[in-house]
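# Residue-level structure breakdown
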Amino acid sequence: MTERKLLVLFGSQTGTAQDTAERIGREAKRRHFQCRVEALDSYEVANLINELLVVFVCATTGQGDPPDNMKMFWRFLFRKNLPPSSLCQLDYAVLGLGDSSYPKFNFVAKKLHKRVLQLGGNPLLPVALGDDQHDLGPDAVVDPWLLALWDKILTLYPLPPGLEIIRPDVRLPPKYTLHYLAEDSPHPDGGLLQPTAPRTVPSELHPFPARMVSNQQVTAESHFQDVRLIEFNVVGSGIAFNAGDVVMIQPQNSPEDVQQFCQLLRLDPDRSFVLKPTEPGTSLPALLPQPCTIRYLVTHYLDISCVPRRSFFELLSYFSTNELEREKLQEFSSAQGQEELYSYCNRPRRTTLEALWDFPHTTCAVPPDYLLDLIPRIRPRAFSIASSMLAHPDRIQILMAVVRYKTRLSKPRRGLCSTWLASLNPEQGDVRVPLWVKKGGMKFPADPDTPVIMIGPGTGVAPFRAAIQERVAQGRRGNCLFFGCRQKSKDFYCQAEWEELVTKGFLTLFTAFSRDQEEKVYVQHRIRENRRLVWELLSSGSAHIYLAG
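Everything quoted here is computed from the prediction, not taken from an experiment. (Residues numbered from 1 in each chain as written. Predicted model: local features only at pLDDT ≥ 70, side-chain atom pairs only at ≥ 80, totals over all residues. Heavy atoms only, no water.)

### Topic: the nonpolar core
To keep it simple, the criterion reads: Among buried residues, the Ala, Val, Leu, Ile, Met, Phe, Trp, Tyr and Cys ones that are joined through side-chain atoms within 4.5 Å form a nonpolar core. Type-normalised accessible area, obtained with a 1.4 Å probe on protein chains alone, sets the label of each residue: buried when under 20%, exposed when over 50%, and partly exposed for intermediate values. We call two residues in contact when some of their heavy atoms are within 4.5 Å.
In this structure, F261, L297, L302 and F313 are the most contacted members of the largest nonpolar core, which totals 40 residues. What F313 contacts, discounting residues up to four positions off in sequence, is P308, L329, F332, S333, L341, Y344, C345, A355 and F359. In terms of nonpolar packing, the next biggest core, distinct from the first, is built from 29 residues, L229, F444, A467 and A548 among them.

### Structural notes on a positive patch on the surface
Definition in use: For patch building, the residue pool is restricted to those with more than 30% relative accessible area and no salt bridge; the joining distance is 9 Å between like charges and 5 Å between nonpolar side chains (Val, Leu, Ile, Met, Phe, Trp, Tyr). Values of accessible area rely on a 1.4 Å probe in the Shrake-Rupley scheme; residue burial ignores everything except the protein chains shown. Salt bridges are defined by distance alone: a side-chain nitrogen of Lys or Arg within 4 Å of a carboxyl oxygen of Asp or Glu. His is not counted, nor are the chain ends, whereas Lys and Arg count as positive and Asp and Glu as negative. We put the charge of a Lys on NZ, of an Arg on CZ, of an Asp on CG and of a Glu on CD. Counting from the N terminus, the helices are DSSP H or I runs at least four residues long and the strands are E runs at least two residues long.
Residues R404, K406, K411 and R414 make up a contiguous surface patch of positive charge. Counting through the fold element by element, K411 comes out in the loop between strand 15 (404–405) and strand 16 (413–414).

### Section: the pattern of salt bridges
If you walk through the whole model with that rule in mind, you get 24 salt bridges. R295 is paired through a salt bridge with D270; the nearest N and O atoms lie 2.8 Å apart. With a gap of 25 residues between them, R295 in helix 6 (residues 294–301) and D270 in the loop between helix 5 (255–264) and strand 11 (272–277) connect regions that are remote in the sequence. What makes R295 partly exposed here is its relative accessible area of 38%. Across the salt bridge formed by D358 and R350, the nearest N and O atoms sit 3.4 Å from each other. Each member of the salt-bridge network shares a partner with another, and the members are R23, E27, D139, D143 and R310.

### Let's talk about unusual backbone geometry
In the segment running from Q290 into P291, the intervening peptide bond is cis, with an omega of -10 degrees. Examined against the element boundaries, P291 turns out to sit in the loop between strand 11 and strand 12 (292–293). For R349, which is not glycine, the phi torsion reads 55 degrees and is therefore positive. By the secondary structure assignment, R349 is in the loop between helix 9 (338–346) and helix 10 (352–358).

### Regarding the packing of helix 14 (residues 462–473) against helix 16 (residues 495–503)
Under the convention used in this document: Interaxial angle, 0 to 180 degrees, is taken between N-to-C directions of lines fitted to C-alpha atoms, where a helix line uses only the stretch in contact. A clockwise turn of the near helix away from the far one marks a right-handed crossing, whereas an anticlockwise turn of less than a right angle marks a left-handed crossing. Only Asp, Glu, Lys and Arg are considered charged in this grouping, and only Ala, Val, Leu, Ile, Met, Phe, Trp, Tyr, Cys and Pro are considered nonpolar; every other residue, Gly among them, is considered polar.
At a minimum axis distance of 12 Å, the contact between helix 14 and helix 16 shows a crossing angle of 35 degrees. In terms of crossing hand, the pair formed by helix 14 and helix 16 is left-handed. Here helix 14 contributes R465, I468, Q469 and V472 to the contact with helix 16, which in turn contributes E497, W498 and L501. Tallied by class, the residues present in the contact of helix 14 with helix 16 amount to four nonpolar, one polar and two charged.

### Comments concerning the UniProt feature "domain: FAD-binding FR-type" (unreviewed entry) in the protein chain
Which entries qualify depends on this criterion: UniProt positions are given in the numbering used here, feature names are shortened, and annotations may be inferred rather than shown by experiment.
When the UniProt feature table is mapped to this numbering, "domain: FAD-binding FR-type" (unreviewed entry) covers residues 205–445. Across residues 205–445, the secondary structure splits into 29% helix and 21% strand, with the terminal C-alpha atoms separated by 32 Å.

### Remarks on the side chain of E27
Here E27 is to be found in helix 1 (residues 16–30). Since its relative accessible area comes to 17%, E27 is described here as buried. In contact with E27, other than residues within four places in its own chain, are L146 and W150.

### Topic: the environment of S42
If you trace the backbone, S42 turns up in the loop between strand 2 (34–39) and strand 3 (53–59). The sequence separation of S42 and M72 amounts to 30 residues, and the corresponding C-alpha distance is 9.5 Å.

### A closer look at the UniProt feature "domain: Flavodoxin-like" (unreviewed entry) in the protein chain
In the numbering used here, UniProt assigns the feature "domain: Flavodoxin-like" (unreviewed entry) to residues 6–150. Between the C-alpha atoms that bound residues 6–150 there is a distance of 12 Å. The span itself is 32% helix and 23% strand.

### Describing the sheet that holds strand 18 (residues 452–455)
Our working rule: Whether two strands pair depends on DSSP finding at least two bridges between them.
Spatial strand order, 20-19-18-21: four strands in an open sheet with parallel pairing. Edge positions in the open sheet fall to strand 20 (507–513) and strand 21 (544–547), since each of these has one partner strand only. With strand direction ignored, the average angle separating the axes of adjacent strands in the sheet is 15 degrees. As paired strands, strand 18 and strand 21 are joined by four bridges and run parallel to one another. Across the sheet, residue I453 finds its bridge partner in strand 21, namely I545. Contacting strand 18, strand 19 (479–485), strand 20 and strand 21, helix 14 crosses the sheet at an angle of about 155 degrees to strand 18. Of the strands in this sheet, strand 19 and strand 20 are in contact with helix 16, which crosses strand 20 at around 140 degrees.

Spelled out as structure tokens, the structure:
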């Protein structure tokens, strides 16, 4: 009897592919498979030649790019020297998650499917192409594809004699168990974000606790939007970056939300615990200290402000002691209930915390062991770096709009990271923000004589501020910027800086203030008006054009 082992590998940018991979993992456990679910870059890729059964779940990002947590795997898989029979004993299936409004729809999944086939793999099914644009989201494709997949897998690996598929109404054990420490044990997380001598260049697993130096509002008080220019001190971090690079910031939940969450679930925020994996071989969450307090877990790890997914309602339904609540939760987690779920959750952008409020009987019955299965971790947020190291050594600046908007819910929606950063006041003490830097998608020309045309309306101007500062420091003059905003007096970011560079001859600036006159004027109007100059720069100067929104 062959071992019934399944490996599920995912490449995920926003968490959807990870959520789907974990769903496949749960369905595998119901069918009595030994199943591991791992991010592609955490997996030792050289072991792939020994695997017999693998399901790949991968998203496509940007212009057909693989997600960050599968980039190393991707490079390895496309090495020219891999023998064409490397994966000849592998049965595999690929599930793609994409968005058909992009030209390279599900490019990564299609290419992965083809490459594993080239290397001798045996596809169990055609590649599945989940689409965000479908009325029911990717599940419209995922649900039927998974049914077909299990049919296929169970023909190859039938259930052992005497075992049946665990019924959907039976709750699976949690991934971890939470063991509380004695009430008088010392508090573990006092010094977590103290700067330490960096072992390596800062990364997601080892962010640098950068000191916030300034947090300045750059829009008029009367403007509808609050935009900040924020500066961080990264001295001693080993961080280096170029114009076009991105800073990743790890946000946290507000103390009010943390308190509400703990009250709803009847948790003592000051209790300390250690996590133990339920199954041997499961690694502990990398970003949680051991031991840890409930307060730290809820503040820094659990994403209680994200819009909950279908899997959240499915797991929640198992804890429900109230028939009415249970029926609603089961409806939200069924294939038929997806439109209903969309208008309850996604359309009004209802948060996990608000959804828990709506199911009070169920919420207070959630066992703490299941918190990490129920709620995903807080993901880092990316910001274009708005400064150059040549102009501001050991500093990183960002230009950030504070996200706040209305839906049909009475309370305005707020962005987790921007609201948190905006609330920090470096004048009231030592304020630290965990961050690291990532290569961006924009590369500026190495040749000093190549002119650059930059089109950056609103906060889209951030990476161009970094580029202009860098190019000016190198003495380069061919800088042309098209900037647009609503009103010159309210949201003309960095006005004095641009005007000084124009005076010194380093910058050609065109502005479009859309609301300062009767008819609206946007950057495209200014480009059309200056088409001769633009064409001249392109045709004789072979200028590079950059656009950021």
